[in-house]
Structures are given as C-alpha cells and as structure tokens.
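Residue-level structural notes
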Amino acid sequence: MPEKILMPRLSDTMEVGVIAAWHKNVGDTVKKGDLLAEIETDKATMDLESYKDGVLLHRGGDVGAKIKVDDLLAIIGKKGEDISTLLDNKTTPAEKKPTPVQEEPKQTATEKKPAIDIAKMEEVVLMPRLSDTMEVGVIAAWHKKVGDAVKKGDVLAEIETDKATMDLESYKDGTLLYIGAKEGEKIPVNGLLSIIGDKNKVDLDAIVAASKATPVLQTTNQETETTDDTNISAAPKEVEPALAETNGRIKASPLAKKLAAEKSIDLSLIKGTGDGGRIIKADVDNFTPTQKAAAATTVQNYSGSTEEGFTDIPNSQMRNVIAKRLGESKFTAPHFYLTMEINMDNAMAARQQLNELSPVKISFNDMIVKAAALALRQHPAINASWMPATANEDGKIRRYKHIHIGIAVAIDDGLIVPVIRFADNKTLPQIAGESKELAGKAKNKKLQPNEFSGNTFTISNLGMMDIDEFTAIINPPDSCIMAVGRIKEIVVKKETGFDTAQVMKVTMSCDHRSVDGATGAAFLQTFKKYMENPITMLL
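This report concerns the structure included in the present document. Because the structure is predicted, anything quoted here is derived from the model rather than measured.

Some remarks on the packing of helix H8 (residues 364–378) against helix H9 (residues 428–443)
- Orientation of H8 relative to H9, taken along the N-to-C sense of each, is 120°, at an axis distance of 9 Å. The angle between H8 and H9 places the two elements in the oblique class. In the crossing of H8 with H9, the sense of the turn from one axis to the other is right-handed. Facing H8, whose interface residues are Asp366, Met367, Val369 and Lys370, H9 presents Leu428, Ile431, Ala432, Ser435 and Lys436.
- Among the residues forming the contact of H8 with H9, the class breakdown is five nonpolar, one polar and three charged.

Here's what the structure looks like:
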C-alpha cells in the first residue's frame, strides 16, 4: 500500500520546512536512499532521502512551498495505486519512520493505555535528527537541570550524533520538568528528550507513559576490561589520572574538553568522577594547580604487562557509521586503482609566490582541491554516482552538474568529510579559508549537516604524515576518491645530466560500475597538467 512521507524535524528549532528543490517528479521510480528533495530549515538546507522503494505518487508542495513538521511531504507506492484516502488526511503526524518499539506487558482490565500524541504537545522536546544518517543521539552534556528556568534560545544539552556534537537550543520558555536520559545514554530519533512547561499544567506521568514506545537505550560509553581471574587483586585501586584509564585515550565529556582547553588544563592530569572514570565539567571546575603536581607523580611509564587480558572499547556513533558505510562501499563497489607520479617543482614555486600575496595561507592540498575541481569540469564522467537497479528499472549513472569536493579529515572519533561546495568556481584563497574553517569545525565536532554532505568527489591526503602512497575506499555516493601521498625529492636524469625533482604520487580509487580505466586515466592526466603548470588554474 502507498506510504506517506511527512516533513521531518531536521533541526532542533524547526517548525516548518521550505522545499528548496525536488529531485524526483511524480511518476518517477524511487529507490531507498535516493535523494527526494532539498529542504531548507531555519538553520540549513538539507538533503532528504527516501527510505523506501516505489513510485512517487504525490508531492506535497512545489518548490518554495512551506510545509509544517509532520505534515504531508510526499507519497510513495506502486504505480496506479489509489491515494485519495491519504490525501483526505494530510496531517497525521509521526508516521514517517517508526522507531523500533519494545513489547509492553499486557494490561489488565483496570489499566488504560495512554492515548496521548506527544509529537503534538508544545511542552515535549523530541530527539531531533541532526545528521542525514543519525538514528540515535547520545547525551554528551546537559546545560540545564530539572527545575531550572529555560528561555527560548538557551542551550539545553549537547547531543553527540554519528558525525558531530551539536548544541541543542530550547525553542520555548518555561521550566525544565523532565529529562529523558542521563549523560552518556542514548535516545532514538523522535524519542522523548525533555519536557518544558508549567509544572501545574503538565501531566508528566501521562507524557512519560505515552513515550514508552521509544525507550532510552543503555549507555555504551563505559569500557569493559577482562583479565585472568587469578590475577585480579582484591585490594581497591586508587583512582588514577585520566591518561592511565584506557591506554592513553582520555575519556571526557565534550563540555569538559572545551573548558579544559579554555583554561589550558591538561586533561591527562585530572581524575574523572563520572561513569567509568569519565571526566565531567565538575572535575575541570574543581581542578587546582596543587592537584596537578600531585597527579603528575602518580603517572608511571608503561613497562609491559605480565598477565593476559584485553580491553573492549565500544564504538562511537561516528565509528559505527564509518564501519557500515565503508564496508558497504568496499564490498559492493568493484574498486580499481590508478596511480600517477606528478612533478611538483612548479607547484612549490607557485605556492611560495601565491602566499606572498594571498590573505590566507594556501596549502598544497588547497591547490590539489582546485586542480581536481577544474579537471572534473573536463571529465564529468568522474563527477558521478552509481544508482543501483530497482525492481522497476535497471541501474543507472547519475552525473552531477555541480562540483562539491569532500576533504577527509581525521578526528579523535574517526573520520569526517567536510565539503567545499562549487569548488571549481572558487579562488585558491577562498578554498584555503573555507578548508581551514571546516577542518576546525570538524575537529571540534561543530560541523552543520550541510557542511559534511553532498560531496561528488573526495580527496584523502596523508602526505603530511610522511605516507608515500596509499589506496582509499570510495566515499559514497562518489564514484572516485583520490589518495594523495607526500612530496619527496628524487634523482632524475635530464639532458644535462642528473638532477633532483620534487614528486608526489596520487592514487585514484574508482567504481568500475560507473567509471572505466581509460576515463579515470584521462582525468588524472588533466589533473597532472594543472598541478605541473599551476598558472593554468588561474586562467
């Protein structure tokens, strides 16, 4: 039967969404994961993907139309299905993508099941979908406690998604009456996050009972260590500084890390009092210089272990998504690899001259981004995605008119890919400034959804880590990713004898379903011309 897609809440303060663009027309075949539309919220423009297969039977508005959260956005079903009954009731909320529910015990005759739709209640704050792949949010920190007065715009909490840690602001005034989870616990998207209102007018018990269909998941932030039972000492251990907790990995809340950075405090010298020795805000606030000297004396050099054992480290939200998406890419897309050596003598000289005039320091990676973007203009077959076959049609290749370059950035929790949009139309100083800003946001987990989505080609550069060359896994939905090695000096033979040259190797991983070897090679030849003659990038 046909299924309604309702306008999702794509930001914490979103009440309506504006249709910025439709990517499917009525009658088009839609596959799970296809881009349906671009939705403009009060904070960003985000891509909306379909979560089912079928045919687009109805669109809830034209480009520019405003649709309230949980109102009808689209209908997807089988071709020719009757949708008149769905159109008669366009505003049934909370039907988009049901959250897995746990079976509740059978009720007795005297019990009544709550019949409250909490999605319609002004006092209820549900866990918003803060990234395109987010399924649950982890409470990184609460900025308000039960009983506190809350004003519109106040930061309620920090929510860790699979890609970033984001501030959640209140969109109404009132008193914080209830919180749905403690720090470190998970709440599924659309699960009960908090209740804000007047305690004399809100039935907390009824709301909480009605939300039981979206239970809070237990925390996975604690680590479990297993050793041989015969080697476990019965004597209680003194709490060690955070550095000794987990092989050098410091466990601390994002807020604690931020405060420590502001106060120039070394987190490794603070004793955590949170779950599993996790450092929390109070630990940073209570830290004094005298503690630092005492803590420093307790840190011991690792001298090896004399007993068998292991430590299980739970995955972060980001690591789970990395494992899932790159696993699917590696074992679904037939990869092949093309490696090319590029003479960087002219690029090094050009960069030095450019930085004498540029308001922002230009890196070699900025030049690589620009060269790749210009090469994609000439080779649009590389700037594409493979669209798998559906029940109704064969697979196809989607070529993009826009060029959005993703730049892989390593952060503590894994890897994220900020995106330079319309990179071919930007100058080198513009690319340099934007790259530095996005990299800083990525490391602080402050990227907005529109800043890490929409890539059409990706660059992964490990040259600064002295890697000569490597191969990278394709970053969906791209067809190609370029792995960049370091610039190194080699001896070359010239007409006048032997000399030295600065060279760099790049390896492009290609999806053979959408890109052929000759096509990829032609792209790399064009990229090489730009890098070996940088002045051509300015023409």
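Now that the structure is up, let's keep going.
Let's talk about the sheet that holds strand E28 (residues 497–511)
- The mixed open sheet is built from six strands, whose spatial order is E19-E28-E27-E26-E22-E25. Two strands in the sheet have a free side with no partner beyond their single neighbour: strand E19 (335–343) and strand E25 (419–420).
- The pairing of strand E27 (residues 480–494) with E28 spans 13 bridges and is classified as antiparallel. Within E28, the position partnered with Cys480 by the bridge is Cys510.
- Those strands touched by helix H10 (residues 517–532) are E19, strand E26 (457–461), E27 and E28, and its axis lies near 25° from that of E19.

A word on the pattern of salt bridges
- The tally for this structure, following the rule as stated, stands at 14 salt bridges.
- As a salt-bridge pair, Lys426 and Glu434 come within 2.6 Å of each other at their nearest N and O atoms.
- Look at Lys426 and you get buried, because its relative accessible area is 19%.
- Using a relative accessible area of 21% as the deciding quantity, one classes Glu434 as partly exposed.

Some details on the nonpolar core
- Counting 50 residues, the largest nonpolar core has Ile405, Phe457, Met482, Val506, Phe523, Phe527 and Met531 as its most contacted members.
- Of the residues forming this core, the biggest block, nine residues, is contributed by H8.

Rules of the game
- Residues numbered from 1 in each chain as written.
- Predicted model: local features only at pLDDT ≥ 70, side-chain atom pairs only at ≥ 80, totals over all residues.
- Heavy atoms only, no water.
- Axes fitted to C-alpha atoms, helices over the stretch in contact; angles between N-to-C directions.
- Helix = DSSP H or I, 4+ residues; strand = E, 2+ residues; numbered from the N terminus.
- Parallel < 35°, antiparallel > 145°, perpendicular 65-115°, else oblique.
- Left-handed = near helix turned anticlockwise from the far one by under 90°.
- Contact = heavy atoms within 4.5 Å.
- Nonpolar A, V, L, I, M, F, W, Y, C, P; charged D, E, K, R; others polar.
- Pairing = 2+ DSSP bridges.
- Salt bridge = Lys/Arg side-chain N within 4 Å of Asp/Glu carboxyl O.
- Buried < 20%, exposed > 50% of the residue type's maximum accessible area, 1.4 Å probe, protein only.
- Core = buried A, V, L, I, M, F, W, Y, C linked by side-chain atoms within 4.5 Å.

Coordinates in, geometry out; function isn't part of it.
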